[in-house]
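Residues per chain, in single letters:
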Amino acid sequence: MTQSVVVQVGQCGNQIGCCFWDLALREHAAVNQKGIYDEALSSFFRNVDTRVVGDGGSISKGKICTLKARAVLIDMEEGVVNEILQGPLRDVFDSKQLITDISGSGNNWAVGHKVFGSLYQEKILEKLRKSAEHCDCLQCFFIIHSMGGGTGSGLGTFLLKMLEDEFPEVYRFVTSVYPSGEDDVITSPYNSILAMKELNEHADCVLPIDNQSLFDIISKIDLMVNSGKLGTTIKPKSLITSSAGAVKKRHQKPFDAMNNIVANLLLNLTSSARFEGSLNMDLNEISMNLVPFPQLHYLVSSLTPLYTLADVNIPTRRLDQMFSDAFSKDHQLIRADPKHSLYLACALMVRGNVQVSDLRRNIERLKPSLQFVSWNQEGWKTSLCSVPPVGHSHSLLALANNTCVKPTFMELRERFMRLYKKKAHLHHYLQIEGMEESCFMEALSSLSGLIEEYNQLDATKSMPVEDFPRLSVAM
Amino acid sequence: MSVVTVQLGQCGNQIGFEVFDALYTDSHCPQGLCSKRENEAYQASCKERFFSEEENGVPSARAILVDMEPKVTNQTLSKAAQSGRWKYGQHSCFCQKQGSGNNWAYGYSVHGPRHEESIMNLIQKEVEKCDSLSGFFIIMSMAGGTGSGLGAFVTQNLQDQYSNSLKMNHIIWPYETGEVIVQNYNSILTLSHLYRSSDALLVHENDAVHKICAKLMNIKQISFSDINQVLAHQLGSVFQPTYSVEGSCHYRRNPLGDLMENLVPHPEFKMLGIRNIPQMSENSLAYSTFTWAGLLKHLRQMLISNSKMEEGIDWQVRPPLSRLPTLGKASLNRELQFNTSIANLVILRGKDVHSADLGKKLRAYIHQYTKFGLEEEDFLDSFTLLEQVVASYCNL
């Protein structure tokens with residue numbers, strides 16, 4: 001069984017990370033009834049005897065003593081991390097896993113990347129090495145951050161290069177929150193494009209997410225709950241959207257529901273690697289199957305179902321509905337319409353009591369309405385995990401490598417150009433040592449290159465399938 | 001003579017468990033149709049082939065479990081132990097922590113050499129336990145990373161180390177609509193390598209078995225364990241002891257040798273398929289009556305028309321070839337056939353080659369394979385070999 005380390009950077013990254021750890025504990029608590037530290041737990045948690053001082057406290061088998069998350073928390077201002085340390089999860093994090101500063105990055109990618117990068121390089125490396133040493137077989141780093149700010153975007157992407165150099169065999173999965181149209185940070189286009197260059201070059205797989213989509217999903221759920229449709233009763237506080245039940249009186253913060261969706265995404269992604277099933281899918285298989293060309297590693301994700309219906313006996317129709325929902329644009333975690341764009345590859349990760357015949361039936365049903373690239377017409381990767389998420393009887397995570405991410409990138413480029421043409425706010429960046437205008441130009445050309453590759457693939461959409469001659473052999 | 005089974009990857013291990021379970025249940029079935037003496041002879045023969053005797057009386061399967069991640073092998077071992085009727089040997093399992101990532105090159109070029117010694121040692125131990133070795137039965141899938149890549153590597157090693165023993169590879173052909181995206185690449189590479197080092201390739205298609213489950217056995221929600229059980233049932237009918245010339249209590253001693261002698265006359269033509277009737281759920285068995293002649297006729301029809309099930313036969317004329325009758329305890333019949341009806345498989349394979357070819361033209365996913373030492377020439381070699389095989393079959 002392999003282990004993964006989560007690196008949460010910046011305010012956004014840490015807040016999402018916090019929700020993730022809360023849900024992970026809840027999920028494992030529901031599955032692991034006996035309190036034995038098993039391999040599934042070990043993928044994200046260490047079992048530590050806290051009475052032992054220093055490093056010797058790790059226990060590898062037997063009853064659970066104290067669980068420590070395999071996480072590194074990084075933020076250049078103290079507010080968010082302090083809040084986590086005072087909250088209900090304070091014992092899950094080891095105090096040695098934190099790196100904080102006081103002043104913050106001022107929403108400036110250059111400060112995060114160049115200034116704090118060089119300042120904290122050694123310290124970060126040390127913490128990462130430590131957490132890797134605690135792992136028997138480290139498979140993957142999960143990095144959570146936002147693209148629009150300073151720390152998450154700058155320092156977060158600085159990390160990527162470091163991880164690539166230091167741990168070349170370990171996969172780097174990045175969950176990036178992209179700025180939406182009405183983002184409140186004015187320099188977010190600069191930060192995002194500068195960060196994109198690093199993501200293009202050093203990440204194995206990126207799961208882009210945007211706040212607007214998450215917000216839309218939450219609003220829809222609220223609507224369903226409050227509309228009181230006849231015949232359906234919906235559990236109001238499904239685990240997808242809230243961590244209610246942890247501390248009863250906690251006032252729900254505005255981003256909590258949205259962060260929970262992302263946390264669920266990460267849990268479902270790793271569920272088949274942690275739990276048993278009839279068709280397992282490990283994390284290295286995600287990269288292998290969904291990334292046909294190294295540059296095109298942006299995966300659009302969608303999660304269903306988003307709320308639990310109170311009736312337990314789910315008829316087959318509902319199951320099929322779950323599959324259809326996964327492909328509708330309302331369930332995507334980024335604003336995109338995969339049905340009308342070209343699919344390069346698609347993965348369906350199913351959890352719960354779903355069998356292979358249901359899977360096959362739905363693939364047959366949905367295939368005609370989706371456009372796959374000509375050389376990958378059967379580009380489906382499937383996995384079945386027997387353990388459902390908490391509070392649901394089954395769930396589906398669809399990951400698609402689809403050209404529908406192109407509009408997001410193009411829009412980002414638009415916003416960037418609008419600011420850049422006027423050289424607005426540029427001096428904040430250029431006054432940092434190591435930043436020059438060429439950095440901006442390189443980042444822009446990297447993004448343009450990516451968009452061009454997607455364009456080329458889209459161009460093949462309407463072309464008829466070329467018939468390559470088969471190899472002819474002499475008999 | 002004994003058969004040593006090597007189960008590779010998630011698919012191989014899951015199927016292997018069902019096979020041993022079916023073999024055991026069949027030979028210890030309480031409702032016998034034959035005399036007691038015959039029963040005992042049958043049991044003894046079956047047991048000698050697939051199980052070895054342990055101290056506490058629970059037979060231990062002659063099998064090695066190999067997988068690159070522990071979940072499936074742990075599950076398989078515990079399921080067998082829990083049943084109480086038979087189990088796997090304590091030290092017959094080899095697993096690592098991180099899987100092969102559906103990457104044939106990773107299974108073949110990285111895991112293979114790295115774990116060569118340990119795996120071959122395990123096999124050696126199991127072989128030493130046999131009085132006389134008939135051969136190896138290797139169960140693997142073609143679509144994944146461990147089964148396909150490591151399977152090809154292990155078969156090659158077996159060819160080198162045990163060149164006098166026969167090897168039959170049982171390969172699972174993935175669903176047409178895809179279960180793994182790079183399954184075309186993995187399948188092509190596996191087939192071409194196996195063709196060089198194996199003696200016979202017994203193919204089972206997921207699609208076909210799925211249809212059998214749906215139509216004949218009337219299972220509503222088909223799970224992989226249902227599919228595996230049907231597979232095991234078919235395999236069981238191949239491997240159960242058959243009568244030898246001497247008479248009703250003497251069974252043929254060399255299962256693999258006999259099969260191969262009759263079915264693989266020329267090393268160019270190694271692909272085998274199975275047709276099995278009757279296939280139906282336990283419940284309907286009570287309501288059906290069979291006659292031997294009727295079953296045989298049906299089977300012949302299935303052969304001629306190249307269908308894998310009793311229903312939906314589409315008529316085309318083609319000459320059938322050899323047959324091997326068995327007389328088992330339950331009224332089973334199976335036919336193992338090698339003939340141009342394999343054209344179906346060949347066409348499937350051709351399509352595979354074609355789509356893999358298309359992908360390769362655009363170099364899709366190739367970087368994942370070259371990362372682990374596979375070169376484009378290796379792909380080209382595989383394509384050429386398979387095209388040759390397809391051409392030979394078409395010429396027949």
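How each quantity is defined
Residues numbered from 1 in each chain as written. Chains lettered and ligands numbered in written order. Predicted model: local features only at pLDDT ≥ 70, side-chain atom pairs only at ≥ 80, totals over all residues. Heavy atoms only, no water. Helix = DSSP H or I, 4+ residues; strand = E, 2+ residues; numbered from the N terminus. Buried < 20%, exposed > 50% of the residue type's maximum accessible area, 1.4 Å probe, protein only. Contact = heavy atoms within 4.5 Å. Areas by Shrake-Rupley, 256 points an atom, 1.4 Å probe, with all protein chains shown as cover. Buried area = accessible area lost by both parts, 1.4 Å probe. Polar contact = N/O pair within 3.5 Å; in protein donor to acceptor, adjacent residues only side chain to side chain. Nonpolar A, V, L, I, M, F, W, Y, C, P; charged D, E, K, R; others polar. Phe/Tyr/Trp six-rings, centres within 6.5 Å; stacked < 30°, edge-to-face > 60°. Lys NZ or Arg CZ within 6 Å of the ring centre and 35° of its normal. Pairing = 2+ DSSP bridges. Axes fitted to C-alpha atoms, helices over the stretch in contact; angles between N-to-C directions. Parallel < 35°, antiparallel > 145°, perpendicular 65-115°, else oblique. Left-handed = near helix turned anticlockwise from the far one by under 90°. pLDDT = per-residue confidence, 0-100. Salt bridge = Lys/Arg side-chain N within 4 Å of Asp/Glu carboxyl O.

Before going further, it helps to examine the overall build of chain A. Of regular secondary structure, chain A possesses 14 helices and 14 strands. Expressed as a percentage of its 475 residues, the buried residues of chain A come to 59%. Sequence-distant contacts in chain A: of pairs separated by 6 or more residues, those separated by 24 or more amount to 81%. Summing over all exposed atoms, chain A offers an accessible surface of approximately 19,100 Å²; the carbon and sulfur share of this is 53%.

Listed per partner, the contact involves 52 residues of chain B and 57 residues of chain A. The contact between chain B and chain A buries some 4,600 Å² in all, and 55% of this surface belongs to carbon and sulfur atoms. Linking chain B with chain A are 14 residue pairs in polar contact (both at pLDDT 80 or more). Among the secondary structure elements, those contributing two or more residues to the side of chain B that touches chain A are α1 (9-27), α3 (70-83), α8 (224-239), α12 (343-361), α13 (366-370) and α14 (376-395) of chain B. In terms of residue count, the dominant contributor to the side of chain B that touches chain A is α14 of chain B (9 residues). Of the residues that constitute the side of chain B that touches chain A, the class distribution is 18 nonpolar, 24 polar and 10 charged.

Within the structure shown, the criterion is met by 32 aromatic pairs over all chains. Centre to centre, the rings of F20 of chain B and F51 of chain B are 5.7 Å apart; their planes meet at 70°, and the pair counts as edge-to-face. Placement of the pair is F20 of chain B in helix α1 and F51 of chain B in strand β2 (residues 51-52), with a sequence separation of 31 residues. According to the relative accessible area criterion, F20 of chain B is buried, its value standing at 2%. Seen from the ring of Y420 of chain A, K423 of chain A lies directly overhead, with NZ or CZ sitting 4.9 Å from the centre.

Residue and element names in this part refer to chain A. Tracing the backbone shows A24 in helix α1 (residues 10-31). Accessibility expressed as a relative area gives 0% for A24, which makes it buried. Note: C-alpha distance between A24 and F158 (134 residues apart in sequence) is 27 Å. Each residue touching A24, except ones within four places of it in the same chain, is listed here: F45 and L267.

The subject of this paragraph is the sheet that holds strand β5 (residues 87-88) of chain B. Pairing in this open sheet of 3 strands is mixed, and the strands run β2-β3-β5 (chain B) from one edge to the other. Looking at the sheet topology across the chains shown, the edges are occupied by β2 and β5 of chain B.

Here the focus is the packing of helix α6 (residues 183-197) of chain B against α14 of chain B. When two helices pack together, their arrangement is given by the angle between their axes and by how far apart the axes lie. Residues and elements named next belong to chain B. The contact between α6 and α14 brings their axes to 9 Å, and the two run at 70°. It follows from the interaxial angle that α6 and α14 lie roughly perpendicular. The way α6 lies across α14 gives a crossing that is left-handed. Facing Y185, I188, L189, L191, S192, Y195 and R196 of α6, the residues of α14 in contact are D378, F379, D381, S382, F383, L385, L386, V389 and Y393.

Residue and element names in this part refer to chain A. Summing up the model confidence of chain A, the mean pLDDT is 83 and the portion of residues at 70 or higher is 87%. Here strand β3 (residues 58-59) stands out as the least confident element of chain A, with mean pLDDT 66; strand β8 (residues 171-178) is the most confident, with 93. In the predicted structure, residues 241-251 sits below a pLDDT of 50 and forms 20 contacts with residues beyond four places in sequence or in another chain.

This next bit is on the pattern of salt bridges. Residues and elements named next belong to chain B. What the rule picks out here adds up to 20 salt bridges over all chains. Here D21 ties to R85 by a salt bridge, and the two come within 2.9 Å at their closest N and O atoms. Residue D21 is located in helix α1, and its partner R85 is located in the loop between α3 and β5; the two are separated by 64 residues in the primary sequence. Across the pair D199 and K167 runs a salt bridge, and its minimum N-O distance is 3.7 Å. Of this pair, D199 sits in the loop between α6 and β9 (200-205) while K167 sits in strand β8 (residues 166-173), and the two are 32 residues apart along the sequence.

In this section: the environment of R196 of chain B. All names here are of chain B. Structurally, R196 is set in helix α6. Classification of R196 as partly exposed rests on a relative accessible area of 46%. Considering only alpha carbons, one finds R196 and E268, 72 residues apart in sequence, at a separation of 9.5 Å. Ignoring anything within four residues of it in the chain, the contact list for R196 reads Q159, K270, D381 and L385.

Another aspect to go through is unusual backbone geometry. All names here are of chain A. In this model, T304 is joined to P305 through a cis peptide bond whose omega is -15°. Within the secondary structure, P305 sits in the loop between β10 (300-304) and α10 (316-326). Of note in the backbone geometry, K423 takes a positive phi value of approximately 55° without being a glycine. Mapped onto the fold, K423 is located in the loop between α12 (406-421) and α13 (426-430).

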